[in-house]
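Observations on chain architecture
In case you want the letters, here they are:
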Amino acid sequence: MLTTFLVIAGVLLGLVGLLALIVSLSARPATRPSSGWVADTGRRHPDAWSVPTSPATSELPTAR
């Protein structure tokens, strides 16, 4: 009975740890100054978690 309890507790702790890892990896990134790789485009990298303010469709190829 004690072994069963320890196994169940270990599995639950493992699941909670996995959930904490997933949440920490998917958290919104901290605001940092823009890095050099975006300098050649002249624009900031879009924030994946914010609503697009002006969706530019001019960059999409035209379907014919």
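Check the entry above for the structure.
Residues numbered from 1 in each chain as written. Predicted model: local features only at pLDDT ≥ 70, side-chain atom pairs only at ≥ 80, totals over all residues. Heavy atoms only, no water.

**Description of the overall build of the protein chain**
Looking only at helices and strands, the protein chain has one helix and zero strands in total. Split into buried and exposed, the 64 residues of the protein chain put 2% on the buried side. With an accessible surface of roughly 6400 Å², the protein chain has 68% of that area assigned to carbon and sulfur atoms. (Helix = DSSP H or I, 4+ residues; strand = E, 2+ residues; numbered from the N terminus. Buried < 20%, exposed > 50% of the residue type's maximum accessible area, 1.4 Å probe, protein only. Areas by Shrake-Rupley, 256 points an atom, 1.4 Å probe, with all protein chains shown as cover.)

**Concerning a nonpolar patch on the surface**
Taken together, the side chains of Val7, Ile8, Val11, Leu12, Leu15, Leu18, Leu21, Ile22 and Leu25 make up a nonpolar region of the molecular surface, amounting to roughly 880 Å² of accessible area. Along the chain, leucine 18 falls in helix α1 (residues 2-25). (Patch = residues over 30% accessible without salt bridge, like charges linked within 9 Å, V, L, I, M, F, W, Y side chains within 5 Å. Salt bridge = Lys/Arg side-chain N within 4 Å of Asp/Glu carboxyl O.)

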